Amino acid sequence: MEKGKEKAKKQFKMPHTFVIIFVIIVSAVVLTWIIPGGEYARYANEKGIKVIDPTKFNYIKNTPVNPLMIPMYIVEAFIKNIDLLLVILFSGGAFHMLTKSEALQTVIAKLAKKFSNHIGVFIPILTLVFGLICTTQGVNMFIAFAPVMVMMSLALGLDSLCGVAIILLGGAIGFSTGTLNVSTTIISQKIADLPLYSGIGYRSICFVVYFIATNIYLVRYAKKVRKNPELSPMYDLDLKNELKETTNLENFGDMDGRKWAIILCLVAALGAIVYGCILLGWSLKEQSCIFLTLGIVVGIIAGFDANTICKEFLNGCKIMLGAAFIIGLARSIGSIMADGQIIDTVVHSLAKVLNLIPFYLQGVGMLIANTIINVFITSGSGQASVVMPIMIPLADLIGMTRQTTILAFNFGDGFCNYILPTSTALMGIIGAANIPYDRWMKFMWKCFVLWLVVGSVMIIIAQIIKLGPM
């Protein structure tokens, strides 16, 4: 009987993340053979934004993708996203150098001792910081923070999931509620001909509601795992996590001059990235330069010789190779769907379905539709340019305010990024923390359901109060 049970367990072993993504890639290719090609007419509106004409959709000749071209799509995805991949690799090298200097572990040990009995306050503070920054930025800018947060989480007696969840869930709240987001809210409002940043009051309320609900979920999980670590989906992997070896709070002494200088360099580097991205329009290549420089400077301050600096930087890059490969694979999916010319067909079909839904559920229907579309169009600005010209006229026809339509778009475009294996932010951060996708989903699926419920309620309220432009 025991042998039979062991065999049954082996049969349900979750495939590797690479396998899951490759299956999605193959499925995308298959869909290009099944779904008819379609195309909306596109034009530049008076504000210079390229949008589609919702009244001009035509089915076109199929352009199915050759399955033999899958390797080429993957290679091209790596080439097109080399700047993102370099950020991941160089940040891995820099943070590995920080780990070797032991400066980061000493600071984390002190913080963990101070807040070890107050995680119910400490976690919401951290999620609030990430949430506020992500009201204007994408969560993928925090990929390099993952090892730091995992170290801190393990030092507090939590698991690595808590560490990355602080970043991802906090960032998700800021980005997905669309409070100040230029790439989603502002582009949508331009297309909808609404005053820019209008509706910010209600979106701010949504931010607060999501913040409270999400932190209740996360803090409850953290306390549960702290009380019984075996309940963590990452329990067996965390036992072997190399970061765990650096989190014994008794192993680190006081901060000396070298360690303080290294921490100041880290703070300066991360501060420069946030400042540069928000105010100077930095792209990923500038972030790569910062991490490359940080790794070298930290090695010099720590007293390492040139050979050691090179060796340890490369070791850190190796650790991040898995995350880089995951992103390279995932980014090929959008290209396959675009070349198969089926994205517009999917959008057109979803728009027709929305017409069949009862009024007070049409906003929820838009939320679900945008969630589905986000599987195919992962770019927030790209999705806004495709769906808003369809959703805005539809909202006008059914009596829904345009502001409510944008709210449904924000929720649909944003929150599902934290369950999709095609999401750069998600796969980059869990990859940097060596968390398999299936383990993340064991933790995340309940939170995503909670987000859908909260979003549906907030959208229904917006419909009832006829959420206006201001």
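Quick caveat: nothing in here was measured; it's all calculated off a predicted structure.

The rules behind these values
- The numbering scheme is per chain: residues are counted from 1 as the chain's sequence reads.
- Given that this is a predicted model, residues contribute local features only at a pLDDT of at least 70 and side-chain atom pairs are listed and counted only at 80 or more, while totals for whole chains, interfaces and linings are drawn from all residues.
- Water and hydrogen atoms play no part in the side-chain values, which are based on all heavy atoms of the structure.
- Under the DSSP-based scheme used, a helix requires at least four consecutive residues in state H or I and a strand at least two consecutive residues in state E, with every element numbered from the N terminus.
- Each residue is assigned to one of three classes by its accessible area relative to the maximum for its type, calculated with a 1.4 Å probe on protein chains only: buried under 20%, partly exposed between the two thresholds, exposed over 50%.
- By the convention used here, residues are in contact when the closest approach between their heavy atoms is within 4.5 Å.
- Aromatic pairs are defined between Phe, Tyr and Trp rings, using the six-membered ring for Trp, whenever the two ring centres lie within 6.5 Å; interplanar angles under 30 degrees are classed as stacked, those over 60 as edge-to-face, and all others as tilted.
- N or O atoms within 3.5 Å of each other form a polar contact, as long as, within protein, one can give a hydrogen and the other can take it, and as long as residues adjacent in sequence are counted only when both atoms are side-chain atoms.
- The nonpolar core is taken to be a set of buried Ala, Val, Leu, Ile, Met, Phe, Trp, Tyr and Cys residues, with the residues joined through side-chain atoms within 4.5 Å.
- Patch definition: residues with relative accessible area over 30% and no salt bridge; like charges joined within 9 Å; nonpolar side chains (Val, Leu, Ile, Met, Phe, Trp, Tyr) joined within 5 Å.
- All accessibility values rest on the Shrake-Rupley procedure with a 1.4 Å probe; residue burial counts only the protein chains present in the view.
- One speaks of a salt bridge when a side-chain nitrogen belonging to Lys or Arg is within 4 Å of a carboxyl oxygen belonging to Asp or Glu.
- Per residue, pLDDT captures the predictor's confidence, and it can take any value from 0 to 100.
- Every axis in this analysis is a line fitted to C-alpha atoms, fitted for helices over the stretch in contact. Angles between the N-to-C directions lie between 0 and 180 degrees.
- The scheme is simple: roughly parallel for angles under 35 degrees, roughly antiparallel for over 145, roughly perpendicular for 65 to 115, oblique for anything else.
- Crossing handedness follows the turn of the near helix against the far one: under a right angle anticlockwise gives a left-handed crossing, and clockwise gives a right-handed one.
- Each residue receives one of three labels: charged for Asp, Glu, Lys and Arg, nonpolar for Ala, Val, Leu, Ile, Met, Phe, Trp, Tyr, Cys and Pro, and polar for the others, Gly being one of them.

Peer 1: Mind laying out the overall build of the protein, listing which residues take part and the relevant values?
Peer 2: The helix and strand inventory of the protein stands at 22 helices and two strands. Across the 470 residues in the protein, those meeting the buried criterion constitute 55%. Sequence-distant contacts, at least 24 apart, represent 80% of the contacts inside the protein between residues at least 6 apart.

Peer 1: Would you mind going over the packing of aromatic side chains in detail, with residue names and values included?
Peer 2: Applying the stated criterion to the full structure yields 13 aromatic pairs. When the centroid spacing of 5.4 Å and the interplanar angle of 75 degrees are considered together, the rings of Tyr210 and Phe411 count as edge-to-face. A residue pair is termed long-range when its members are at least 10 positions apart, and Tyr210 in helix 10 (residues 200-227) and Phe411 in helix 20 (residues 402-415) qualify at 201 residues. Looking at Tyr210, the relative accessible area reads 1%, which means it is buried. Clustering of aromatic rings is evident, with ring pairs tying together Tyr210, Phe411, Phe415, Tyr418 and Trp451.

Peer 1: So what's going on with the side chain of Thr184? Which residues, and what values?
Peer 2: In this fold, Thr184 is placed in helix 9 (residues 182-191). One polar contact links Thr184 to Asn410, side chain to side chain, over a distance of 3.4 Å.

Peer 1: Tell me about the environment of Ile167, residues and numbers included.
Peer 2: Locating Ile167 in the fold gives a position in helix 8 (residues 160-176). Taking relative accessible area as the criterion, Ile167 reaches 0% and is therefore assigned buried. Taking the C-alpha atoms as reference points, Ile167 and Met149, separated by 18 residues in sequence, lie 7.9 Å from one another. Setting aside chain neighbours within four positions, we find Ile167 in contact with Phe130, Val139, Phe142, Phe145, Ala146, Met149 and Ile429.

Peer 1: For the nonpolar core, give the residues involved together with the corresponding values.
Peer 2: By size, the foremost hydrophobic cluster in this structure holds 152 residues, and its most contacted members are Leu168, Trp440, Phe443 and Trp451. Beyond its immediate sequence surroundings of up to four residues, Leu168 is in contact with Val139, Tyr418, Ala425, Leu426, Ile429, Ile430 and Trp440.

Peer 1: Can you explain a nonpolar patch on the surface? Please cite residues and give values.
Peer 2: A surface patch of nonpolar side chains, about 750 Å² in accessible area, is lined by Tyr360, Trp445, Val449, Val453, Val457, Ile461, Ile464 and Ile465. The biggest single contributor to the nonpolar patch is helix 22 (residues 437-464), with six residues. By the secondary structure assignment, Ile464 is in helix 22.

Peer 1: Tell me about the pattern of salt bridges, residues and numbers included.
Peer 2: Overall, the coordinates contain two salt bridges when judged by the stated rule. With a closest N to O distance of 2.8 Å, Asp236 and Arg439 form a salt bridge. You can see Asp236 sitting in helix 11 (residues 235-239) and its partner Arg439 sitting in helix 22, a full 203 residues away along the chain. Owing to a relative accessible area of 16%, Arg439 belongs among the buried residues under this scheme. Among the ionic contacts, a cluster of salt bridges with common partners joins Asp236, Asp438 and Arg439.

Peer 1: Quick rundown of the confidence of the model for the protein? Include the residues and the values.
Peer 2: Averaged over the protein, the pLDDT score is 82; the fraction of residues at 70 or greater is 89%. Looking across the protein, the model is least confident in helix 1 (residues 2-11), with a mean pLDDT of 52, and most confident in helix 10, with 94.

Peer 1: Summarise the packing of helix 8 against helix 21 (residues 424-432); cite the residues concerned and give the values.
Peer 2: One way to put it is that helix 8 packs onto helix 21 with a least axis distance of 10 Å and a crossing angle of 160 degrees. Of the possible angle classes, the one that applies to helix 8 and helix 21 is roughly antiparallel. Read as a crossing pair, helix 8 and helix 21 show a hand that is right-handed. Of the residues in helix 21, those touching helix 8 at Val164, Ile167 and Leu168 are Ala425, Leu426, Ile429 and Ile430. Here the residues of the contact of helix 8 with helix 21 are counted per class, giving seven nonpolar, no polar and no charged.

Peer 1: Describe in detail the packing of helix 8 against helix 22, supporting the description with residues and values.
Peer 2: Where helix 8 contacts helix 22, the two axes come as close as 12 Å, and the packing angle between them is 30 degrees. The pairing of helix 8 with helix 22 is recorded here as roughly parallel in orientation. Seen from above, helix 8 lies across helix 22 with right-handed handedness. Where helix 8 approaches helix 22, its residues Leu161, Val164, Ala165, Leu168, Leu169 and Ala172 are matched on the opposing element by Arg439, Trp440, Phe443, Met444, Cys447 and Trp451.

Peer 1: Provide a residue-level description of the side chain of Ser101, including the pertinent values.
Peer 2: Mapped onto the fold, Ser101 is located in helix 4 (residues 82-101). Sequence-distant contacts of Ser101, defined by excluding residues within four places in its chain, comprise Lys259, Ile262, Val298, Ala302 and Phe304.

Peer 1: Any chance you could break down the environment of Thr424 for me, citing the residues and the numbers?
Peer 2: Along the polypeptide, Thr424 turns up in helix 21. Considered as a pair, Thr424 and Val139 are 285 residues apart in the sequence and their alpha carbons are 8.9 Å apart. Residue contacts for Thr424: discarding those within four places in its chain leaves Leu84, Asn140, Ile143, Ile327 and Arg331.

Peer 1: Residue-level account of unusual backbone geometry, with values.
Peer 2: Phi is positive for Asp193, which is not a glycine, with a value near 60 degrees. Of note, Asp193 is situated in the loop between helix 9 and helix 10. Even without a glycine there, the phi angle at Asn434 is positive, about 55 degrees. Following the sequence through the fold, Asn434 ends up in the loop between helix 21 and helix 22. Exposure remark for Asn434: the relative accessible area of 46% places this residue in the partly exposed category.

Peer 1: Lay out helix 7 (residues 146-155) with the relevant residues and their values.
Peer 2: Of all ten residues in helix 7, ten are buried, a share of seventy percent or more. Of all the positions in helix 7, only Ala146, Pro147, Val148, Met149, Val150, Met151, Met152, Ser153, Leu154 and Ala155 are classed as buried. Phi for Gly157, located one or two positions after helix 7, is positive at around 85 degrees.

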